Amino acid sequence: PGRGIGEMQMVSGGTRTATVSAVGEAALIRLTRPDFLRFAAGSADALAAIVERIRERTHAAQIAALLPQVCGAMAPEALDALAARVGWVELRRGEKLFSQGDPGDAWYIVASGRLEIVVADPDGVERVVGEVGRGESLGELSLLTGEPRAATPWAIRDTALLRIRREEFDQIVLARPEMMLSIVRALGRRLVDQARARPQRGFGRRLGVQALGSAHQ
């Protein structure tokens, strides 16, 4: 009760993206799009509130889809506990998420966009060692080991990421140890896949100038 549906199409137009069916007796208040537009034209605050509601619902849908994909099979209660602690980071193309050598203070999952991973050698030469896109995570190894970031991720297009800070991650793992097992298994599978795809020699491409790039740490 009290929750709305269909507000995204009210703002943007277009067709419905899902079918909604009653699972029991239900009474709803209906607002047509012309009536909504007339109302919104005279109330900027109301329009802002609806746009914020759309953003929240979009984020909730992305969280529900991405966490099981990254963490693997988890109990619903564990996923709910993790989802409640998720924050968001938005990057413009050309911005970096963090720098190589920074403390590992958060774990990130790409919701949209793409980042390039750059590693600086001891002699200062920078190399692109990979990319991460939607549904991929970065930063969890630093959370598990306590080591500094091993690379610098650069957004190569506008990018949105889920963020779970170290303190929240530790609290969840202490309360639900099974979540750690799921994350470690998912991380292990990803590291194996990366090792299989990695060239044996000449790994990475050298950057002549500081370019867009990224690293899984």
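Residues numbered from 1 in each chain as written. Predicted model: local features only at pLDDT ≥ 70, side-chain atom pairs only at ≥ 80, totals over all residues. Heavy atoms only, no water.

As a further point, take the overall build of the chain. What the chain contains, in helices and strands, is 7 helices and 8 strands. Counting the 217 residues in the chain, one finds 37% classified as buried. Partitioning the intrachain contacts of the chain with sequence separation of at least 6 by distance along the chain shows that 77% fall at a separation of at least 24. Accessible surface, the chain: about 13100 Å² in total, of which carbon and sulfur atoms supply 54%. (Helix = DSSP H or I, 4+ residues; strand = E, 2+ residues; numbered from the N terminus. Buried < 20%, exposed > 50% of the residue type's maximum accessible area, 1.4 Å probe, protein only. Contact = heavy atoms within 4.5 Å. Areas by Shrake-Rupley, 256 points an atom, 1.4 Å probe, with all protein chains shown as cover.)

Taken in spatial order, the 4 strands line up as β1-β7-β2-β5 in an open sheet, and their pairing is antiparallel. At either margin of the open sheet sits one strand with a lone partner, and together these are β1 (87-91) and β5 (137-138). Sheet topology note: the strand β2 (residues 106-112)/β5 ladder contains 2 bridges and is antiparallel. Across the sheet, residue Tyr 108 finds its bridge partner in β5, namely Leu 138. Contacts from helix α3 (residues 44-71) reach β1, β2, β5 and β7 (159-165) within the one sheet, and its direction differs from that of β2 by about 115°. Across the sheet, helix α6 (residues 166-175) lies against β2 and β7, angled at about 60° from β7, the strand it touches most. (Pairing = 2+ DSSP bridges. Axes fitted to C-alpha atoms, helices over the stretch in contact; angles between N-to-C directions.)

So, about the pairing of β2. Most of β2 is tucked away, with 6 of its 7 residues classed as buried. Bridging between β2 and β7 involves 6 bridges; their strand directions are antiparallel. Looking across to β7, one finds that Tyr 108 is bridged to Arg 163.

All right, on to the nonpolar core then. In summary, soluble globular proteins display a tendency toward joint burial of nonpolar side chains. In terms of nonpolar packing, the biggest core is built from 19 residues, with Leu 67, Leu 82, Trp 107, Ile 109, Leu 162, Phe 169 and Met 179 touching the most fellow members. At the level of secondary structure, the elements contributing two or more residues to this core comprise α3, α4 (76-83), β2, β7, α6 and α7 (177-197). Counting 14 residues, the second-largest nonpolar core is a separate cluster that includes Leu 91, Ile 117, Ala 155 and Leu 161. (Core = buried A, V, L, I, M, F, W, Y, C linked by side-chain atoms within 4.5 Å.)

Moving on to the packing of α3 against α4. Where α3 contacts α4, the axes come no closer than 11 Å and their chain directions differ by 115°. As for how α3 packs across α4, the hand of that crossing is right-handed. Between α3, through Ile 63, Leu 67, Pro 68 and Cys 71, and α4, the contact on the second element is made entirely by Leu 79, Leu 82 and Ala 83. Considering only residue class, the contact of α3 with α4 consists of 7 nonpolar, no polar and no charged. (Left-handed = near helix turned anticlockwise from the far one by under 90°. Nonpolar A, V, L, I, M, F, W, Y, C, P; charged D, E, K, R; others polar.)

Taking 1.5 Å of rise per residue, 28 residues should cover 40 Å, and α3 covers 40 Å from first to last C-alpha, within 8% of that figure. Within α3 the residues assigned to the buried category are Ala 46, Ile 54, His 59, Gln 62, Ile 63, Leu 66, Leu 67, Val 70 and Cys 71. (Expected span 1.5 Å × (residues − 1).)

Here we come to the pattern of salt bridges. A full pass over the atoms with the stated rule returns 4 salt bridges. The residue Asp 158 makes a salt bridge to Arg 92 at a minimum N-O spacing of 3.2 Å. In this pair, Asp 158 is assigned in the loop between β6 (152-155) and β7 and Arg 92 in the loop between β1 and β2, connecting sequence segments 66 residues apart. By relative accessible area, which is 44% here, Asp 158 ends up partly exposed. Its salt-bridge partner being Asp 121, residue Arg 127 comes within 3.0 Å of it at the nearest N-O pair. Using a relative accessible area of 21% as the deciding quantity, one classes Arg 127 as partly exposed. (Salt bridge = Lys/Arg side-chain N within 4 Å of Asp/Glu carboxyl O.)

Look at any regular strand and the pattern is simple: side chains alternate between the two faces of the sheet. Here strand β3 (residues 114-120) pairs with strand β4 (residues 126-133) via 7 bridges, running antiparallel. Across the sheet, residue Ile 117 finds its bridge partner in β4, namely Gly 130. With antiparallel pairing between neighbouring strands as the criterion, β3 and β4 make up a hairpin whose turn holds 5 residues, including Gly 124 at a positive phi of roughly 90°.

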